[in-house]
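Residue-level structural notes
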Amino acid sequence: MSRIVVLIFSLLLTEISLSQPINDSCHHAIVLGDLTTKQFFSADYSQATESLDASCESINNVNRDLWYAFTMPFTGNVELDGLSGIDRATLFDQGGGTELSCAAGDQFYQGLSAGVSYLLRLSTAQPNRVINPEIIAHILAANDECNAAFAITDLANEQTIQLDSRNATFSSGLSCDFSGGANVDLWYVFTMPFDGRLITEGVYSVARVGLVDGCGVGAVEIACNQGGAYFENLVGGQLYYLRYAMPAILAVPDAFTLQAFSIASNDDCTA
């Protein structure tokens, strides 16, 4: 009789182990690998249960969830792709008690701290859904802030700027910023070699390029444009700060050129 009881108990344990994913609760989150390289993983909700309702979810739904954990290899951003509008991603602090972000679809988490562990909860209200996301971390750029802007020299000749906005966070907004969500930005500084204009070309179509006269409180926006732009009436010898911004969810590598042009001697009718 005891053998039958043991057998039944073993069968029940087997059924439970087959029916419920290992990472169905935050206490058993699957640890994602080294985020310095892209990590691929699968989220199969077919046997998942609901742990909680995050802030971006309807409490009227059964929000099946799976849990993952990662430790930031450096201070920077995390890009999570492979989700759609019916998927929710919620990021928690290392203790799992504080919700840092909750949103639908692909995610771009800014300014995460080196050496800190985070919990990632993926969820859906759709039964039997299976997705295959990918995740990677991007180190914070040195010129992420205005006061650490990279210097651009010899603008009398064409200069090429290569950048990756996935390494950027948001620092301050300008008038033409993308209004549909978070933005990230990188900074450059230059001295105008003469009176004239600055032309930027080859800028990614949804990127924003703006000029300000300084950093911090009191800085004045001179101009802001989407894509490439002409910045007119710049003053020779004056210092200008160039801000390159991109909607966070669209952050990608980019390269563009810029060059200063002096005012022609016959620019006015009187001359």
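In this text the structure is predicted, and so the values were computed from the model without any measurement. (Residues numbered from 1 in each chain as written. Predicted model: local features only at pLDDT ≥ 70, side-chain atom pairs only at ≥ 80, totals over all residues. Heavy atoms only, no water.)

Across the sheet, four strands lie side by side as S2-S11-S5-S8; this open sheet has antiparallel pairing. Lying at the two open borders of the sheet, with one neighbouring strand each, are strand S2 (39-40) and strand S8 (107-112). (Pairing = 2+ DSSP bridges. Helix = DSSP H or I, 4+ residues; strand = E, 2+ residues; numbered from the N terminus.)

With that settled, consider the packing of aromatic side chains. The tally for this structure, following the rule as stated, stands at six aromatic pairs. With 5.7 Å between their ring centres and 25 degrees between their planes, Phe-190 and Tyr-240 make a pair best called stacked. A residue pair is termed long-range when its members are at least 10 positions apart, and Phe-190 in strand S14 (residues 183-191) and Tyr-240 in strand S19 (residues 239-247) qualify at 50 residues. For Phe-190, a relative accessible area of 1% gives the class buried. In this structure Tyr-240 comes out as buried when scored by relative accessible area, which is 3%. (Phe/Tyr/Trp six-rings, centres within 6.5 Å; stacked < 30°, edge-to-face > 60°. Buried < 20%, exposed > 50% of the residue type's maximum accessible area, 1.4 Å probe, protein only.)

Spatially, four strands are ordered S13-S20-S15-S18 in an open sheet, and the strand pairing comes out antiparallel. In this open sheet, the two edge strands, each paired with only one partner strand, are strand S13 (159-164) and strand S18 (229-234). Pairs of neighbouring strands in the sheet enclose a mean axial angle of 20 degrees, with direction left out of account. Sheet analysis places strand S15 (residues 196-201) next to S18, joined by four bridges and oriented antiparallel. The residue bridging Leu-198 from the neighbouring strand is Phe-231, located in S18. (Axes fitted to C-alpha atoms, helices over the stretch in contact; angles between N-to-C directions.)

Now for the state of the cysteines. Counting across every chain of the model gives three disulfides. Cys-146 shares a disulfide with Cys-215; S-S distance 1.9 Å. Across the S-S bond of Cys-146 and Cys-215 the torsion is about -75 degrees, and the bridge reads as left-handed. Separated by 69 residues along the polypeptide, Cys-146 in the loop between strand S11 (134-139) and strand S12 (150-151) and Cys-215 in the loop between strand S16 (208-212) and strand S17 (221-226) bring together distant segments of the chain. (Disulfide = S-S within 2.5 Å.)

Here we take up the nonpolar core. Membership of the largest hydrophobic core comes to 29 residues, with the highest contact counts inside it found for Phe-190, Leu-198, Leu-242 and Tyr-244. Elements supplying a minimum of two residues to this core: S13, S14, S16, S18, S19 and strand S20 (253-262). Of all hydrophobic cores here, the second largest spans 24 residues; its members include Leu-80, Leu-112, Leu-122 and Ile-135. (Core = buried A, V, L, I, M, F, W, Y, C linked by side-chain atoms within 4.5 Å.)

Predicted confidence across the chain gives a mean pLDDT of 92, with 92% of residues reaching 70 or more. With pLDDT under 50 throughout, residues 4-17 is counted as low confidence; its partners more than four residues away or in other chains account for zero contacts. (pLDDT = per-residue confidence, 0-100. Contact = heavy atoms within 4.5 Å.)

This part covers the pattern of salt bridges. Counting across every chain of the model gives eight salt bridges. The partner of Lys-38 in a salt bridge is Glu-134, with the nearest N and O atoms 3.0 Å apart. Separated by 96 residues along the polypeptide, Lys-38 in the loop between strand S1 (30-31) and S2 and Glu-134 in strand S11 bring together distant segments of the chain. Judged by its relative accessible area of 38%, Lys-38 is partly exposed. The partner of Arg-166 in a salt bridge is Asp-164, with the nearest N and O atoms 2.8 Å apart. Since its relative accessible area comes to 18%, Asp-164 is described here as buried. Shared partners join several salt bridges into a network, and the residues in it are Glu-57, Asp-65 and Arg-121. (Salt bridge = Lys/Arg side-chain N within 4 Å of Asp/Glu carboxyl O.)

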